[in-house]
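Listed below are the residues making up each chain.
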Amino acid sequence: MVRMASRNSALDALSGLDSLIDADDRDLMSMIRKFADDHLRPNLPEWFDQGVVPARDLAREFGKLGLLGMHLEGYGCGGSSATSYGLACHELEAADSGIRSLVSVQGSLAMTAIHKFGSEEQKTEWLPRMAAGEALGCFGLTEPDFGSDPGGMRTRAKRDGDDWVLNGTKMWITNGSVADVAVVWAQTDDGGRDRIRGFVVPTDSKGFEGREIKQKMSLRASVTAELSFTDLRLPGDAVLPEVSGLRGPLSCLAEARFGIVFGAMGAARDCLETALAYAESRRVFGEPLAGYQLTQAKLADMAVEYVKGMLLALHLGRLKDGPGVSNEQVSVGKLNNCREAIAIAREARTILAANGISLEYPVIRHENNLESVLTYEGTSEVHQLIIGQALTGANAFR
Amino acid sequence: MNIVVCVKYVPDAQSDRTFSDDKTTDRAGVDGLLSELDEYAVEEALKLVEAGEGEVTVVTIGPDEAAEAVKKALQMGADKGVHISDDAIHGSDAVATSLLLAEAIKKIGQPDLILTGMGSTDGLMNIVPTMVAERLGLPAVTLVSSLEVNGSTVTGRRDGDTASETIEASLPALVSVTDQTNEPRYPSFKGIMAAKKKPVETWSLGDLGVDAGQVGLNNAWVQVESFEARPPREQGQVVTDEGDGGTKLAEFLSTHKFV
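Cut-offs applied
Residues numbered from 1 in each chain as written. Chains lettered and ligands numbered in written order. Predicted model: local features only at pLDDT ≥ 70, side-chain atom pairs only at ≥ 80, totals over all residues. Heavy atoms only, no water. UniProt positions renumbered as here; feature names shortened; annotations may be inferred. Pairing = 2+ DSSP bridges. Helix = DSSP H or I, 4+ residues; strand = E, 2+ residues; numbered from the N terminus. Axes fitted to C-alpha atoms, helices over the stretch in contact; angles between N-to-C directions. Patch = residues over 30% accessible without salt bridge, like charges linked within 9 Å, V, L, I, M, F, W, Y side chains within 5 Å. Areas by Shrake-Rupley, 256 points an atom, 1.4 Å probe, with all protein chains shown as cover. Salt bridge = Lys/Arg side-chain N within 4 Å of Asp/Glu carboxyl O. Buried < 20%, exposed > 50% of the residue type's maximum accessible area, 1.4 Å probe, protein only. Contact = heavy atoms within 4.5 Å. Buried area = accessible area lost by both parts, 1.4 Å probe. Nonpolar A, V, L, I, M, F, W, Y, C, P; charged D, E, K, R; others polar. Core = buried A, V, L, I, M, F, W, Y, C linked by side-chain atoms within 4.5 Å.

Chain B goes by Electron transfer flavoprotein subunit beta in an unreviewed UniProt entry, where it is assigned to Metallococcus carri. Taken verbatim from the UniProt record of chain B, the Sequence similarities (unreviewed entry) comment is "Belongs to the ETF beta-subunit/FixA family."

Next up, the structure:
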């Protein structure tokens, strides 16, 4: 049996967050929550246990719900506010970080790269199908030896007449082995100062290989792959024309990080709601666990961090929808909310004790997932350095 | 074809539902929503219209917050909504409800098809659809698990315990659908945004030409007299097999009409 935490009205009343979220966004959230209750939560323990997820089917479902690239304008995308998109990420990640990752990679990374930097032909070819979930995208930046320092990437794109020839390897690529299209970042040899360029690579190209990475203990309900390119020949117009240099991929990462600011708190909320329900029903020494001071101290601290995290997320949402949000500001959210979400998950686990490690409850799944969320799209340390540089002006990356 | 779907705003069946002081449904203490059984009727209407042409109008009766049920149906894809709201309607029974719905449907303009759910998840009287059809002089095809429209007729399948009936009626007609009919869609993000621009009219008793003396708690033919929580389950009966276990078991099953 899968235990699902229902919305905790006491937590909602304490947070008062509903008053900061407009009616359409609340409807959007309850729609996603209902979809998750019907189609995701009952299956997630098995997907996580087996390390198998029907990513392409889910993409089509999310396409129907309008969640893929929902914050992008035109080309079949939803044109939502950033806050709406963030709140959608919040509800998706309340189900599972791996599910939210699927949507983030499609919308914030692959589609955003094409939408921001692509040619009109690239946009018309890919975006409508990707918004509908008929085509799945992935985003190749990280390499086996280059994570926080992507500028050192070894993947090379060489000019050969009008064509480009791609060689190299990308690692930890969500959706990589099930995608139809990969946005791949590579060093070019065309002599420009900003040598890094993005390429739109159909995954059925000769020389493309995506191998799923198994034996991982986190994001098991998500497809993670290693991509390799062997003399992969691309036409000249496969390059993303509108950007060169690391600014391209980094600006996409800022989009994904924004979703994570909301998403991580979704996972945290699910853990907190589960812990609350458990503490109320579980009796210890003849009394409900919720009645003990030590439990209440834990629950109170978790709730405080959850409310603060959500306020921060909504603040960043308002900035992004208004005057604009800086990458440094997004880093504040990513650093805080991932750090606090995993702390909440761990505390929830102690309230559930042994039951906390069972997939019958969502807590250990969230906790393990958040280990990845804590370090992907910029580790906590990278975000500390970004914030440190914003405060001091000194670049301490090396 | 033009379709009217009658929907109801009900207290969430997942929460602790109760009655108010006047023994009508308590709406203050619980969240309300579009009755889940009505989602099947909305879905069926959307599928029929999407396969051809026409529009789907949803109509509901209830206090201010019942507009949420109309909104949900519009978010799913219905074209327009009617919300019948009047303080005098509070406490109305099935007879009055069917009168208001019938008058509203006349005012909307005779549709080709009226769709309803199999019942509401709160009242569970399951009689309103037939009453509406009777008042409008239309055939009622109730409790179908699938339906098909061919030209000027509608055909539905009603699954019973021992047989499935195929029922045909000429249009216009009223059809109530069960929860086996389809899988209702979720409102999409675009649907949620589009619903804001769809027309919703709010009608009072006066708009429908219905007298306050025909509706409301005081004029209801059926009222709740008393209510009590279901008693806790009693402990099961243990049958000790002393050679006659089979007989005792058979007796138990037949006295409780299980066989």
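For the rest of this paragraph, the subject is the sheet that holds strand β7 (residues 140–144) of chain B. Whether parallel or antiparallel, the strands of a sheet pair through hydrogen bonds between backbone atoms. Residues and elements named next belong to chain B. Taken together, the seven strands give an open sheet; going across it, the order is β7-β11-β6-β1-β4-β5-β12, and neighbouring strands pair in parallel fashion. For this open sheet the edge positions go to β7 and β12 (200–203), each flanked by a neighbour on one side alone. For this sheet, the mean inter-axis angle between neighbouring strands, taken without regard to orientation, is 20°.

All names here are of chain B. Together, Met125, Ile127, Trp221 and Val222 make up an exposed nonpolar region whose accessible area comes to about 460 Å². Looking at the element boundaries, Trp221 is found in the loop between α6 (205–208) and α7 (245–255). Assessed through its relative accessible area of 72%, Trp221 is described here as exposed.

We now examine the interface of chain B and chain A. Between chain B and chain A, the residue contacts involve 12 residues of the former and 18 residues of the latter. Looking at the side of chain B facing chain A, the largest losses of area belong to Tyr186, Phe189 and Ile192 of chain B, adding up to 55% of the total buried there. In this assembly, chain B and chain A are joined by two salt bridges. Between Lys71 of chain B and Asp27 of chain A there is a salt bridge; the shortest N-O distance is 2.8 Å. Sorting the residues of the side of chain B that touches chain A by element identifies α2 (67–76) and α5 (189–195) of chain B as the ones contributing at least two each. Along the lines of polarity and charge, the residues of the side of chain B that touches chain A split into five nonpolar, two polar and five charged.

Examined against the element boundaries, Pro45 of chain A turns out to sit in helix α3 (residues 44–50). In this structure, the C-alpha to C-alpha distance between Pro45 of chain A and Gly86 of chain A, residues 41 residues apart in sequence, is 25 Å.

All right, on to the nonpolar core then. By size, the foremost hydrophobic cluster in this structure holds 58 residues, and its most contacted members are Leu28, Leu40, Phe62, Leu67, Ile99, Phe139 and Trp185 of chain A. Element by element, the count of residues in this core is highest for helix α6 (residues 97–117) of chain A, at 10 residues. When sequence neighbours within four positions are dropped, the list of residues in contact with Leu28 of chain A reads Leu67, Met70, Ser84 and Ala88 of chain A together with Phe189 and Ile192 of chain B. Among the nonpolar cores identified, the runner-up in size contains 50 residues, and Phe258, Ala268, Leu319 and Ala345 of chain A belong to it.

So, about the sheet that holds strand β8 (residues 146–150) of chain B. All names here are of chain B. The antiparallel open sheet is built from three strands, whose spatial order is β8-β9-β10. With one partner strand each, in any of the chains shown, β8 and β10 (164–170) form the two edges of the open sheet. Averaged over all neighbouring strand pairs, the angle between strand axes comes to 20°, with direction disregarded. When β8 meets strand β9 (residues 153–159), the two strands line up antiparallel, connected through five bridges. Across the sheet, Asn150 pairs through a bridge with Thr153, a residue of β9.

Residue and element names in this part refer to chain A. Enumeration according to the criterion identifies 35 salt bridges over all chains in this entry. Across the pair Glu209 and Arg211 runs a salt bridge whose closest N-O atoms are separated by 2.8 Å. Look at Glu209 and you get partly exposed, because its relative accessible area is 38%. Linked through salt bridges whose partners overlap, the residues forming this network are Arg33, Glu91, Arg269 and Glu273.

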